[in-house]
Amino acid sequence: MDSPPPENAGKGLKPTTISVYTDYLLNRISNYFPATNFVNRISNFYRGSSSGAIKRRRRKTCLPLPFPSSSSSPESSTVVCEASKIVGTLEDIMECLFLNLHYVQKNLDYWQSKAEGSNALKAYFMVCERGPSAFLNGTAQLIRDCVGEGSGVQHTYCLASSYISERINILSSLRYRLATFLAQVYMKVDKAGEELVKDPERSLSTLLIEMNDLFLKLEASIGHFHAMRQQSSSVDESYSFPLIFEKLPEVNQEGSRWTDCEIRDAISLIYQNIDRLNTYLAAIVTIHRKPRRVTRYWIPYTCGIVGISICSLWFIRHSSLVGSSDIDNWIREAKDSTRSFWNDHVEQPLLSIRDDLFYTFRKRQKGAMEPEEVQLTADSLHRMLQAFTEQTKGEKAPPNATDQQMLEIVMMRYEKELMHPIQNLFSGELSRALLIQVQKLKLDIEEAMLELDQILRANEINFAILAALPAFFLSLVVIMLVRAWFKQDKRAEGRGRVARIQRRLLIVEIERKIMQLESCKDQGQEKDAQCMLGLALYYLDRLYCAVEGHARATGEWISLRQDIIDLAKPDIQTVHKLRITSRMERVYDCLLPLPKRQ
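All values reported here derive from a predicted model rather than from experimental measurement.

Draft legend 1. View of the overall build of the chain. The secondary structure content of the chain amounts to 20 helices and zero strands. Per-residue burial for the chain yields a buried fraction of 39% across its 598 residues. Across the chain, contacts joining residues at least 24 apart in sequence account for 74% of those joining residues at least 6 apart. When the accessible surface of the chain is totalled, it reaches about 35,200 Å², and 58% of it is carbon and sulfur.

Written out as structure tokens, the structure reads:
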């Protein structure tokens, strides 16, 4: 909100190709500079047409007006046209109030968070978060107070509290008046809905007169606030122009049947009043808004600029601009390191994994032991056992005898031969039995080596995966950073858990305003009750805009939309509204935090 809306807003402007591209560029720039977003939306709020009915660039969604469904189909086609113009005008009034309330509330939240901080944080804000000039002036004043009176810090605390409190009071008063005006407009529309169906020709003029009266009441309310602020303000900047709305001519307010020209003039007058309200609020809120991000963080930004300047000088000193080849050498070494890292931890491990997965045994090199060698040793042992058994027993061994059975015969003979080892070593079967056992030991060793070789071969893919882990974790970190950058939660409009919590907090605010509304009604505080209703409508609009896309995706939008509309109706009892908010928090998937879902 850097500048007030243009003076020619509302006049007829034909869209051209240049204006389309200009609007596109402004929207792209406003995404990077949030402070200008509100001004762009206000300055682009009106679009003219040759027929006199002003066309506007609308928001994506807005809380619907409480019109009956049959109000859009009167009998006369002329009345249909005029009624649609008035409905569009009322929607523009609501949109204007919602946008201004949002900007006031955003700045008010900032100052309230500052007011809740400690005295040290308030003093730090006064000295370090208001720009270089405030830093120099605040530091000089603090030194003078400490040297002269000895209470410089306490004086800074008091000055910061007064500075923050004044802005909270101004913005709270503006919010009170805007919320009251919003509630009055909404209640007037709610009461005129049925009349618009029954007698559209008379109710159109009546509704326009009531809207004009509400603007005049707002003028008196804000005018009184403006006069009080001018007398007690301590802000260096000031605004001198008061808020003055256009009035309907007296002749238009007497007749029961207005001509089409009179209706168009009245609608045009309402848009002029909307334009003046936007201009006035743009001026007054700009003075009391929170400091820009660049102003708040000017010290880190300054340090960053100084650091970048020093680094730039250092790079220039080592660059080829001054005849040095250091940067070229560093770039060459970085390329070599990157290439080496890619080959060692990405390319080769992936190729190895591919070979192990698709060419398991076909492309393996010869290991320490092959199954064929083990089989030869096993066949040789079998023949030796068979020959020893046949010679020992004097008969042919059974064809189905196993090596274990024949080895038992060898061991029994071996034990018997050991009773006379010297004699049987030369004339008995002791040496032959020993050789058979050596052959059995050789077979066992070869089988163990074959199993070990198979285990090592099976773990080659694990070793390749371990070699690729650094590259995998680096890629995972990059993917997470890119995902977080693309999936930025836009507060309540986002898709993550934080956005869901923000939407539930909106419901909490709605419940609080509904209960405060009932309390004000019980105490007979009509103005405060209207303010609470206006704030409840504001939070309902924020919830309506935040959940529409998510609720449509989950198929809950029809039911959730009706619940939001019911919460906005002034004639529904508070108990029923609280039941609706309780059901919303419990039932709808787009409002439940993800880990809490069953």
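Draft legend 2. Structural view of the nonpolar core. Formed by 88 residues in total, the largest nonpolar core has its most connected members in Leu90, Ile93, Leu543, Val547, Ile564 and Met584. Discounting residues that sit within four places of it in the chain, leucine 90 has contacts with Leu65, Phe67, Val189, Leu207 and Met211. Ranked by size, the runner-up nonpolar core spans 15 residues in total, among them Ala378, Leu385, Tyr414 and Ile436.

Draft legend 3. Quick look at the packing of helix 17 (residues 497–522) against helix 20 (residues 574–587). In contact at an axis separation of 10 Å, helix 17 and helix 20 are set at 170 degrees when each is read in the N-to-C sense. Classed by the angle they form, the pair helix 17 and helix 20 counts as roughly antiparallel. Contacts between helix 17 and helix 20 involve Arg504, Ile507, Val508, Ile510, Glu511, Ile514, Met515 and Glu518 on the former and, on the latter, Thr574, Lys577, Leu578, Thr581, Ser582, Met584 and Glu585. The residue makeup of the contact of helix 17 with helix 20, split by class, is seven nonpolar, three polar and five charged.

Draft legend 4. Spatial organisation of the side chain of threonine 156. With respect to the helices and strands, threonine 156 occurs in helix 6 (residues 152–198). Accessibility expressed as a relative area gives 13% for threonine 156, which makes it buried. What threonine 156 contacts, discounting residues up to four positions off in sequence, is Ala123 and Leu142.

Draft legend 5. Up close: a nonpolar patch on the surface. A cluster of nonpolar side chains, Leu313, Ile316, Leu321 and Val322, forms an exposed patch at the surface whose accessible area comes to about 430 Å². For leucine 321, the position within the fold is in the loop between helix 10 (298–317) and helix 11 (326–358).

Draft legend 6. Expanded view of the environment of threonine 377. Within the secondary structure, threonine 377 sits in helix 12 (residues 371–393). On a C-alpha basis, the gap between threonine 377 and leucine 443 in space is 6.0 Å, while along the polypeptide they are 66 residues apart. Not counting the four nearest positions on each side in its chain, threonine 377 is found in contact with Gln439, Lys442, Leu443 and Glu446. Side chain to side chain, threonine 377 and glutamate 446 meet in a polar contact 2.7 Å long.

Draft legend 7. Spotlight on the environment of proline 421. You can see proline 421 is positioned in helix 14 (residues 421–427). Overall, the relative accessible area of 35% leaves proline 421 in the partly exposed class. Put simply, proline 421 and serine 431 are 10 residues apart on the chain and 9.5 Å apart in space, counted from C-alpha to C-alpha.

Draft legend 8. Expanded view of the packing of aromatic side chains. In this structure the tally under the stated criterion is 11 aromatic pairs. Geometrically, the ring pair formed by tryptophan 111 and phenylalanine 125 is edge-to-face, given 5.6 Å between the ring centres and 85 degrees between the ring planes. One end of the pair, tryptophan 111, is in helix 3 (residues 77–115); the other, phenylalanine 125, is in helix 4 (residues 119–128), and 14 residues separate them in sequence. Classification of phenylalanine 125 by relative accessible area gives buried; the value is 0%.

Draft legend 9. Here's a closer look at the pattern of salt bridges. Throughout the structure, instances matching the rule amount to eight salt bridges. Its salt-bridge partner being lysine 114, residue glutamate 129 comes within 3.1 Å of it at the nearest N-O pair. Here the residue glutamate 129 occupies a position in the loop between helix 4 and helix 5 (132–148), and lysine 114 occupies one in helix 3, the gap between them amounting to 15 residues. The class of glutamate 129 is buried, set by a relative accessible area of 12%. Two residues, glutamate 509 and arginine 512, come together in a salt bridge whose shortest N-O distance is 2.9 Å. In this pair, glutamate 509 and arginine 512 are both assigned in helix 17, three residues apart and thus about one turn of the helix distant.

Draft legend 10. Seen up close, the confidence of the model for the chain. Per-residue confidence for the chain gives a mean pLDDT of 77; residues scoring 70 or more make up 74%. Here helix 2 (residues 37–43) is the element of the chain with the lowest mean pLDDT, 43, and helix 19 (residues 557–568) is the one with the highest, 92. Note on residues 70–79: pLDDT under 50 across the span, and 10 contacts to partners over four residues away in sequence or across chains. This stretch, residues 361–365, has a pLDDT under 50; its non-local contacts, to residues over four places away or in other chains, come to four contacts.

Draft legend 11. Expanded view of the packing of helix 18 (residues 526–554) against helix 19. Their axes nearest at 10 Å, the elements helix 18 and helix 19 cross at an angle of 175 degrees. What the angle tells us is that helix 18 and helix 19 run roughly antiparallel. Between helix 18 and helix 19, the residues in contact are Leu537, Leu540, Leu543, Tyr544, Val547, Glu548, Ala551 and Arg552 and Trp557, Leu560, Arg561, Ile564, Leu567 and Ala568, respectively. Taken together, the residues of the contact of helix 18 with helix 19 break down into 11 nonpolar, no polar and three charged.

Draft legend 12. Fine view of the state of the cysteines. Under the criterion given, the structure shown has zero disulfides. Summary of cysteine pairing: cysteine 531 is not part of a disulfide, and the nearest cysteine sulfur, belonging to cysteine 520, is at 8.2 Å. Exposure remark for cysteine 531: the relative accessible area of 4% places this residue in the buried category.

Draft legend 13. Seen up close, helix 13 (residues 403–417). If you check helix 13, its first and last C-alpha atoms are 21 Å apart, about what 15 residues at 1.5 Å a residue would give, namely 21 Å. By the burial criterion, the buried members of helix 13 are Met406, Leu407, Ile409, Val410, Tyr414 and Glu417. Projected down its long axis, helix 13 shows its buried positions confined to an angular sector of 155 degrees, all on one face. Turned more than 90 degrees off the buried face of helix 13, the exposed positions are Gln404, Met412, Glu415 and Lys416.

Draft legend 14. View of the environment of lysine 569. With respect to the helices and strands, the residue lysine 569 is situated in the loop between helix 19 and helix 20. Along the primary structure lysine 569 and leucine 65 are separated by 504 residues, whereas in three dimensions their C-alpha atoms are 9.7 Å apart. With sequence-adjacent residues up to four places away left out, lysine 569 is seen in contact with Gln562 and Lys577.

Reading the values: the criteria
- Residues numbered from 1 in each chain as written.
- Predicted model: local features only at pLDDT ≥ 70, side-chain atom pairs only at ≥ 80, totals over all residues.
- Heavy atoms only, no water.
- Helix = DSSP H or I, 4+ residues; strand = E, 2+ residues; numbered from the N terminus.
- Buried < 20%, exposed > 50% of the residue type's maximum accessible area, 1.4 Å probe, protein only.
- Contact = heavy atoms within 4.5 Å.
- Areas by Shrake-Rupley, 256 points an atom, 1.4 Å probe, with all protein chains shown as cover.
- Core = buried A, V, L, I, M, F, W, Y, C linked by side-chain atoms within 4.5 Å.
- Axes fitted to C-alpha atoms, helices over the stretch in contact; angles between N-to-C directions.
- Parallel < 35°, antiparallel > 145°, perpendicular 65-115°, else oblique.
- Nonpolar A, V, L, I, M, F, W, Y, C, P; charged D, E, K, R; others polar.
- Patch = residues over 30% accessible without salt bridge, like charges linked within 9 Å, V, L, I, M, F, W, Y side chains within 5 Å.
- Salt bridge = Lys/Arg side-chain N within 4 Å of Asp/Glu carboxyl O.
- Polar contact = N/O pair within 3.5 Å; in protein donor to acceptor, adjacent residues only side chain to side chain.
- Phe/Tyr/Trp six-rings, centres within 6.5 Å; stacked < 30°, edge-to-face > 60°.
- pLDDT = per-residue confidence, 0-100.
- Disulfide = S-S within 2.5 Å.
- Expected span 1.5 Å × (residues − 1).
- Arc of directions from axis to C-beta.

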